[in-house]
Amino acid sequence: MRERMLFLSAQKECSKEEEHRTESFLEILLEKFDIDLIEFCQGGRERVADSGYTLTVHRVVQAAASRSALLRPLDKLRSIAAFEDISKDLRTEIRRLCSRHTYSHVFISHRFLNNCINMISSLLPEAVIITDARRTWSRAAEKGGTVRRRIKYPYHKLNEARTRRDERRLMNKTGLLLTANERDALSFKALSFADAGKVHVVPPFVDLQQYQHDEPVCKENGIMLHWDIHNVQGRNAALLFHTKVYPLIRAEVPEVQCYMVGSAADSSIQALSKTDSSVKIIEDTSLAGEYIRRAKAVIAGLDEGCGGQKKILEAWALRTPVVTSPRGAEALICENGRDILLAGTAMEIAEQTVKLLQTPELASLISDRAYRTLLNHYEVKNVKAKVLSLV
């Protein structure tokens, strides 16, 4: 008889990459468990229950935040979505389901890791709690100090101490803590050596069957900006690329074409294609894979918030070499010059891209090595087997 799992997920202000990761975990765990999914949704959606053979969905509408919830003076520099309070309606739904069913396992996505895990551990003391967690990094501490940052430094220190406390409590209460990369895993282990054995890396992954093509492709002198251009960070990164980097590339390869994919691109992005005939905005997102295949280079995840890891893996699956920033590739197993090209400045990005456009042999070598790295570490079959063995 199959065991039953409670799965907690949020669809509020999360990136496409984050949403895909949560949905992928759900699909994998359905192979082993009957799942009650509590989905915390944006306002305006009614609560419904969809019953299937192994999955029952319970949607809870997100209420408008109260004034007191918006006034968080000590946390104003904290920006920790992973440790925010949960709503009264969500608490009620969790209690209702826990009173009706016996759950052997509970999966908590990283947006519900604070009060939610306390509640679950008290309601279901015998259940194995699985958390998809990530470390909260202090960008101010990484970047160092202007006068303004030095003034804020004591607040950051206080918030970092509170975060470490919350994360140690999380490790103590969870039975299995999953992270997306080795960096986060090592940091969690360093917080609590007694609970270090609970921490395991489940990297982002792709299903190669979705990227198989029978017909060969003819590579064009084209580059693909493969990131989320519908959000502010993605839009600004695309505009900066077109202003600072693209002219340097065109100076060396005048016939180059630049592709961007976005069904709801900002007017400033749409204007690029009107003023520059070499820029193509592809509104049909289903065609993204075809343009990646045809391009000689993919530029991915140059700025934080653009979405990077899954985009890089998609390019690897389609055998197109990738140029990205060191931050964009820091969570992936890769080596600069071997299976990826890294660049930190506008000049370096242009140089690496021109190298791929003008040297087909190098592009082919890098894409082949990247494909092998994908097979070894990020293919869905390997990751699925690991997850099911852990639970």
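Below or above, wherever it landed, is the structure these notes cover.

About the thresholds
- Residues numbered from 1 in each chain as written.
- Predicted model: local features only at pLDDT ≥ 70, side-chain atom pairs only at ≥ 80, totals over all residues.
- Heavy atoms only, no water.
- Phe/Tyr/Trp six-rings, centres within 6.5 Å; stacked < 30°, edge-to-face > 60°.
- Helix = DSSP H or I, 4+ residues; strand = E, 2+ residues; numbered from the N terminus.
- Buried < 20%, exposed > 50% of the residue type's maximum accessible area, 1.4 Å probe, protein only.
- Lys NZ or Arg CZ within 6 Å of the ring centre and 35° of its normal.
- Pairing = 2+ DSSP bridges.
- Arc of directions from axis to C-beta.
- Polar contact = N/O pair within 3.5 Å; in protein donor to acceptor, adjacent residues only side chain to side chain.
- Contact = heavy atoms within 4.5 Å.
- Axes fitted to C-alpha atoms, helices over the stretch in contact; angles between N-to-C directions.
- Parallel < 35°, antiparallel > 145°, perpendicular 65-115°, else oblique.
- Expected span 1.5 Å × (residues − 1).

**Focus on the packing of aromatic side chains**
Phase 1: All chains considered together, the criterion is met by five aromatic pairs.
Phase 2: Taking the centre distance of 4.5 Å and the plane angle of 10° together, the rings of F7 and F107 count as stacked. With F7 in strand β1 (residues 3-11) and F107 in strand β5 (residues 105-108), this pair connects stretches of sequence that are 100 residues apart. No difference in accessibility class separates F7 from F107, as the two residues are buried.
Phase 3: By the ring-pair criterion, three or more aromatic residues cluster together here, those being F7, F25 and F107.
Phase 4: Against the face of Y371 rests R319, its NZ or CZ located 3.8 Å from the ring centre.

**Side note on the pairing of strand β6 (residues 128-132)**
Phase 1: Of all five residues making up β6, four are buried, and the element is well covered by its neighbours.
Phase 2: Here β5 pairs with β6 via four bridges, running parallel. Pairing of H105 across the sheet is with V128, part of β6.
Phase 3: In this sheet, strand β7 (residues 176-179) lies alongside β6 in parallel orientation, the contact comprising three bridges.

**Side note on helix α7 (residues 182-191)**
Phase 1: Along α7, the residues classified as buried are D184, A185, S187, F188 and L191. An end-on view of α7 places all buried positions within 165° of arc, on one side of the element.
Phase 2: Regarding α7, its N-cap is N181, as a side-chain oxygen of that residue lies 3.2 Å from the backbone nitrogen of R183 further along.

**Some points on the side chain of K311**
Phase 1: By secondary structure assignment, the location of K311 is in helix α11 (residues 309-317).
Phase 2: Not counting residues up to four positions away in its chain, the partners in contact with K311 are H226, W227 and D228.

**Quick notes on the packing of helix α13 (residues 346-358) against helix α14 (residues 360-377)**
Think of two packed helices as two axes; the pair is described by the angle between the axes and how far apart they sit.
Phase 1: Orientation of α13 relative to α14, taken along the N-to-C sense of each, is 105°, at an axis distance of 5 Å. Considering their axes alone, α13 and α14 lie roughly perpendicular with respect to each other. Touching K355, L356 and Q358 of α13 are P360, L362, A363 and I366, all from α14.

**Focus: the environment of S268**
Phase 1: Examined against the element boundaries, S268 turns out to sit in helix α9 (residues 267-275).
Phase 2: Residues S268 and N236, 32 residues apart in the sequence, show an inter-C-alpha distance of 9.5 Å.
Phase 3: Discounting residues that sit within four places of it in the chain, S268 has contacts with R235 and L239.

**Digging into α14**
Phase 1: The terminal C-alpha atoms of α14, which comprises 18 residues, lie 26 Å apart, in line with the 26 Å expected from a rise of 1.5 Å per residue.
Phase 2: Here α14 has its buried residues at A363, I366, S367, A370, Y371, T373 and L374. The arc that holds the buried residues of α14, viewed along the axis, is 160°, so those residues lie on one side. Opposite its buried face, α14 presents the exposed residues E361 and N376, each directed more than 90 degrees away.

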